[in-house]
Amino acid sequence: MKRKIAGFGIILLWIFSRAVKSYSAGDADLQELSAVAEMYADAVCTDEADWYADGELKFAISIFDEEWKALEGEEEMLAVCQLPDKLLKKLSTYDLLKLTEEYPMLGDIYAANTMEEGFRNVVDSFNGLRELLSREDCLEVVCDEYDNLIFPEKCAISYNECKTEEEKVALFNKILHDDELLKIETEDSKPLLVCDLLEMIMLDKTTEENVETLFETVVDKATEKEKSEYFEEKDKYLYVSELEESMLSEASAYAVTETDDNTTIKKVYWRGVAIEVKAADTLTYLTYEEAMNILRKCSDKDVLSLVSIGNQQYNCHSYAWLKKIFPGDYHRYWLNSVPSGLMNQCKKYDEPYYGAVAYTAQHSAVVVDEDNEVWKDGRWVLDPIVVAKWAGGPIVRGPMNAGAFRMEHGPGVKYYYLSLTK
């Protein structure tokens with residue numbers, strides 16, 4: 001996303017127009033996560049000793065560990081990242097925060113329509129963050145960490161040296177596929193990710209009583225941010241100006257509302273089919289560092305490659321289904337579900353077909369190589385190459401049964417080919 005003081009600009013959109021609620025996973029979500037953890041019980045690090053190295057607390061598994069690279073899919077990754085109950089309760093609030101900063105899937109805060117939504121998803125998926133938010137001294141500890149956060153002035157690996165977007169994408173994929181480069185990039189950009197985490201927690205903990213204090217904290221930090229290559233200096237002044245204006249005009253209008261001024265729910269039509277979308281007035285874009293935080297966690301990242309950053313206001317269904325029929329506007333449309341009327345306009349296949357949409361209710365991807373096979377369980381298995389938008393995140397190319405939104409070829413996946421000519 002194009003940042004305004006690195007993520008906390010989101011406060012500008014919501015802080016005075018709606019009360020900030022605390023996030024917690026619903027019972028169904030927690031039961032599902034518990035079931036997944038039980039399924040992969042052998043992989044979960046239940047021994048407290050796994051969470052310490054040389055007497056210092058550390059996350060029990062890293063994306064660079066061979067054990068991580070052997071994991072298959074999101075469920076296994078989520079399961080092995082959960083803190084053991086006994087350790088969860090005995091850790092100090094500060095230690096919980098430090099472990100959350102090391103959470104391998106923390107980059108998911110960027111993989112949604114907004115960072116607020118992404119943060120909520122991470123809360124739902126990681127018991128360490130849920131426990132942190134439940135602590136009475138959570139905000140105090142987070143603010144102390146925020147005050148002491150130091151940003152590197154120069155990027156160890158800078159995209160600013162690339163002259164074109166194609167060069168940036170090529171550099172991104174080079175880093176993604178080289179663990180030594182990725183380790184450098186991961187450590188160098190960590191303050192960026194931690195900053196957004198801390199600001200989202202501050203947003204979560206904002207009340208009428210503390211809003212002015214938190215605003216002052218963030219504005220003070222802006223001076224430090226403008227010295228770092230990771231933050232766009234030109235946005236800092238725009239943000240502060242708008243922030244001051246909002247404080248003057250709306251400080252007394254702190255009320256609950258579900259209105260989002262940037263989007264409108266509407267219906268668009270194609271061949272008489274009504275398609276309900278959430279249409280955005282303005283667009284926000286991920287940075288390459290944020291996109292890397294989404295892809296770096298994937299245990300099969302070596303077979304994935306970035307195609308484009310994209311913007312956050314459209315998702316997988318929009319990219320796969322609407323790009324062809326609304327080429328000028330699809331990137332403004334968030335499509336939650338594909339109407340049956342649109343599917344009925346397509347040729348339907350049980351096997352992959354070049355240019356067709358591989359579809360499940362949860363995900364859509366465009367097939368670009370229908371013949372790709374992988375060696376699995378002693379035999380060659382069909383696994384077509386697809387290009388897909390990862391929720392509100394980047395556009396990624398790779399095998400269909402790889403990455404954060406994998407789909408396995410079989411009865412559960414159908415292929416739809418939409419022709420613009422009847």
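Colleague: What exactly am I supposed to notice about the overall build of the chain here?
Modeller: The secondary structure content of the chain amounts to 16 helices and 14 strands. A burial count over the chain gives 55% of its 422 residues as buried. Restricting to contacts in the chain with at least 6 residues of sequence separation, those with at least 24 account for 71%.

Colleague: How do you make sense of the sheet that holds strand 6 (residues 333–334) when you look at a structure like this?
Modeller: Backbone hydrogen bonds are what pair the strands of a sheet, in a parallel or an antiparallel way. Across the sheet, 3 strands lie side by side as 3-4-6; this open sheet has antiparallel pairing. With partners counted over all chains shown, the strands left at the sheet margins are strand 3 (263–270) and strand 6, one partner each.

Colleague: Mind showing me how you'd approach the confidence of the model for the chain here?
Modeller: Low-pLDDT stretches of the model should not have their predicted coordinates read in fine detail. The predicted model of the chain has a mean per-residue pLDDT of 83, with 82% of residues at 70 or higher. Between residues 1–30, whose pLDDT stays under 50, and residues either more than four places distant or in other chains, the model counts 106 contacts.

Colleague: Please clarify how unusual backbone geometry should be interpreted in this entry.
Modeller: Among all residues except glycine, the phi angle is most often negative; among peptide bonds, the trans geometry is most common. Unlike most non-glycine residues, D377 shows phi in positive territory, near 50°. Here D377 lies in the loop between strand 10 (373–376) and strand 11 (379–382). With phi around 50°, A391 is a residue other than glycine that occupies positive phi space. Examined against the element boundaries, A391 turns out to sit in the loop between strand 12 (385–389) and strand 13 (395–399).

Colleague: Help me understand the pattern of salt bridges, please; the structure alone is not making it clear to me.
Modeller: Oppositely charged side chains are able to pair whenever their charged atoms sit close together. Summed over all chains, the structure comprises 18 salt bridges. The shortest N-O distance in the salt bridge between E199 and K225 comes to 2.6 Å. Taken together, the residues span a long stretch of sequence, with E199 in helix 11 (residues 179–204) and K225 in helix 12 (residues 211–225) at a distance of 26 residues. Taken as a pair, E199 and K225 share a single burial class, namely buried. D300 serves as the salt-bridge partner of R406, at 2.6 Å between the closest nitrogen and oxygen. On the criterion of sequence distance, the pair formed by R406 in the loop between strand 13 and strand 14 (414–417) and D300 in the loop between helix 14 (288–295) and strand 5 (305–308) is long-range, its members being 106 residues apart. The exposure class of R406 is partly exposed, given its relative accessible area of 26%. According to the relative accessible area criterion, D300 is buried, its value standing at 17%. Here the salt bridges do not stand alone but share partners, grouping E66, K69, D179, K301 and D302 into one network.

Colleague: What is the right way to read the nonpolar core from this model?
Modeller: Soluble globular proteins tend to pack their nonpolar side chains together in the buried interior. In terms of nonpolar packing, the biggest core is built from 89 residues, with W68, Y103, L129, F172, I201 and W390 touching the most fellow members. What I201 contacts, discounting residues up to four positions off in sequence, is L97, F119, L129, L132, L133, C138 and V142. I275, V277, Y330 and Y416 belong to the second-largest nonpolar core, a separate cluster that totals 27 residues.

Colleague: Help me understand the side chain of Q313, please; the structure alone is not making it clear to me.
Modeller: Along the polypeptide, Q313 turns up in the loop between strand 5 and helix 15 (316–322). Exposure remark for Q313: the relative accessible area of 5% places this residue in the buried category. Not counting residues up to four positions away in its chain, the partners in contact with Q313 are N113, N262, A280, T282, L283, T284, H331, R332, Y333 and W334.

Calculation criteria
- Residues numbered from 1 in each chain as written.
- Predicted model: local features only at pLDDT ≥ 70, side-chain atom pairs only at ≥ 80, totals over all residues.
- Heavy atoms only, no water.
- Helix = DSSP H or I, 4+ residues; strand = E, 2+ residues; numbered from the N terminus.
- Buried < 20%, exposed > 50% of the residue type's maximum accessible area, 1.4 Å probe, protein only.
- Contact = heavy atoms within 4.5 Å.
- Pairing = 2+ DSSP bridges.
- pLDDT = per-residue confidence, 0-100.
- Salt bridge = Lys/Arg side-chain N within 4 Å of Asp/Glu carboxyl O.
- Core = buried A, V, L, I, M, F, W, Y, C linked by side-chain atoms within 4.5 Å.

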